[in-house]
Amino acid sequence: MQLGLDFTLVEELVAGVDEVGRGPLCGAVVTAAVILDPARPILGLNDSKKLTEARREALFDEIREKALAWCIARAEVEEIDRLNILHATMLAMQRAVEGLAVTPKLALIDGNRCPKLAVPSAPVVKGDSRVPAIAAASILAKVSRDREMLEMDRLYPGYGIAGHKGYPTPVHLEALKRLGPTPIHRRSFAPVREAAASGQLQASS
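Just so you know, these numbers come straight off a predicted model, no measurement behind them. (Residues numbered from 1 in each chain as written. Predicted model: local features only at pLDDT ≥ 70, side-chain atom pairs only at ≥ 80, totals over all residues. Heavy atoms only, no water.)

### Quick word on the overall build of the protein chain
Short version of the rule: Per the convention used, a helix needs a DSSP run of H or I reaching at least four residues, while a strand needs a run of E reaching at least two, with both numbered from the N terminus. Throughout, the radius of gyration refers to the C-alpha atoms, and the reference size of a globule is 2.2 Å times the residue count to the power 0.38. When accessible area is computed with a 1.4 Å probe and restricted to protein chains, residues below 20% of their type maximum are described as buried, those above 50% as exposed, and intermediate ones as partly exposed. Per-residue and other accessible areas were derived by the Shrake-Rupley procedure at a 1.4 Å probe size, with only the shown protein chains allowed to occlude residues. Here the positive residues are Lys and Arg and the negative ones are Asp and Glu; neither His nor the chain ends is included. Think of each charge as sitting on NZ of Lys, CZ of Arg, CG of Asp or CD of Glu.
Each helix and strand in the protein chain was counted, giving seven helices and five strands. Reading the helices (α) and strands (β) of the protein chain from amino to carboxyl end gives β-β-α-β-α-α-β-β-α-α-α-α. Computed over C-alpha atoms, the radius of gyration of the protein chain comes to 18 Å, within 12% of the 17 Å expected from 2.2 N^0.38 for 205 residues, which places it in the range of a compact globule. Expressed as lengths along the three principal axes of its C-alpha atoms, the size of the protein chain is roughly 65 × 35 × 35 Å. Taken across its 205 residues, the protein chain has 47% of its residues classed as buried. Counting only carbon and sulfur atoms, one obtains 56% of the accessible surface of the protein chain, whose full area is about 10,100 Å². Charge centroids of the protein chain, computed over 26 positive and 25 negative side chains, lie 4 Å from each other.

Structure (structure tokens):
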């Protein structure tokens, strides 16, 4: 039985890739790719969702300092609406791997499918709790996106974005119905589409 992260998987030039933000109603989907350095271990790596915010912030800096290479990439709201969230996520993962300063021998992708890459790749289900490089990627992606959502909360007050980070919580859904979508809301997602249609009906009545 697999219990926790397997640090024998910290092999030279193996990249871990993960995403954050497939489920939210607003904002970009953010991905990261990380190649850890076997000679510079990072203590406390874990799935970003299992860490406190303070711990993620500390590890964010340590990963960027100690990793052999790292890259944070994204797909914008317009791309999500045009391509759909799955294809936009694959595109963002592709950008993260292509943006690495060192070419990996292998890319391990969190989940059950891989983007099209120029290097060999393999999916790892629940990889962020099994493969240290994927855990590192999940931390870079989550901290980066969470910081961005704090900025979006300042730009678009009233939606509670700082708290829910764009996910479809009751607070977010209520604000969406009351205030209508912002430019950072994903029109291809049903609650946003319905709120936009409702606003148009109200405006025309």
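On we go from here.
### Observations concerning the sheet that holds strand β2 (residues 29-35)
Here is the rule we go by: Note: two strands are recorded as paired if DSSP finds a minimum of 2 bridges between them. Note on geometry: axes are lines fitted to C-alpha atoms, helical ones only across the stretch in contact, with angles between N-to-C directions running from 0 to 180 degrees.
A sheet is described by the order of its strands in space; here five strands give the open sequence β3-β2-β1-β4-β5, paired in mixed fashion. The open sheet is flanked by β3 (69-75) and β5 (121-124), the only strands paired with a single partner. Averaged over all neighbouring strand pairs, the angle between strand axes comes to 20°, with direction disregarded. Strand direction decides the pairing type here: strand β4 (residues 106-110) and β5, joined by four bridges, are parallel. Paired with isoleucine 109 across the strands is proline 123, a residue of β5.

### Concerning helix α1 (residues 53-66)
What counts is decided by this rule: Between the first and last residue of a helix there are one fewer steps than residues, each counted as 1.5 Å, and that sum is the expected span. The arc in question is formed by the directions pointing from the helix axis toward the C-beta atoms. Contacts: residue pairs with any heavy atoms within 4.5 Å of one another.
With 14 residues, α1 should cover 20 Å at 1.5 Å per step; its first-to-last C-alpha distance of 20 Å lies within 8% of that length. Of all the residues in α1, the buried ones are Arg56, Leu59, Phe60 and Ile63. Seen from one end, α1 has its buried residues packed into an arc of 120°, which puts them on one side. Those residues of α1 that are exposed and angled more than 90 degrees off the buried face are Ala54 and Glu65. If you follow the buried residues of α1, they end up packed against β2, β3 and α4 (132-155).

### Section: the packing of α1 against α4
This is how the line gets drawn: Angles are sorted into four bins: roughly parallel if under 35 degrees, roughly antiparallel if over 145, roughly perpendicular if 65 to 115, and oblique for all others. Here is the rule for handedness: rotate from the far helix to the near one, and if that takes an anticlockwise turn smaller than a right angle the crossing is left-handed, while a clockwise turn gives right-handed. Gly counts as polar in this scheme, as do all residues outside two lists: the nonpolar Ala, Val, Leu, Ile, Met, Phe, Trp, Tyr, Cys and Pro, and the charged Asp, Glu, Lys and Arg.
In the contact formed by α1 and α4, the axes pass within 9 Å of each other and the chain directions differ by 120°. As far as their axial angle goes, α4 and α1 are oblique. For the crossing formed where α1 meets α4, the hand is left-handed. From α1, Arg56, Glu57, Leu59, Phe60, Ile63 and Arg64 reach across to α4, where they touch Ala136, Ile139, Leu140, Lys142, Val143, Ser144, Asp146 and Arg147. Grouping the amino acids of the contact of α1 with α4 by side-chain chemistry returns seven nonpolar, one polar and six charged.

### A short note on the packing of aromatic side chains
What characterises a pair of aromatic rings is the spacing of the ring centres plus the angle enclosed by the ring planes. Operational definition: Two rings belonging to Phe, Tyr or Trp (six-membered ring only in the last case) form a pair when the distance between their centres is within 6.5 Å. Interplanar angles under 30 degrees mark stacking, angles over 60 mark edge-to-face geometry, and anything in between is tilted. The rule is short: NZ of Lys or CZ of Arg within 6 Å of the ring centre and within 35 degrees of the ring normal puts a charge over the ring.
In the structure shown here, the tally under the stated rule is zero aromatic pairs. Looking at arginine 147, its charged tip hangs above the ring of phenylalanine 60, at a distance of 4.5 Å from the centre.

Keep in mind these numbers describe shape, not what the thing actually does.
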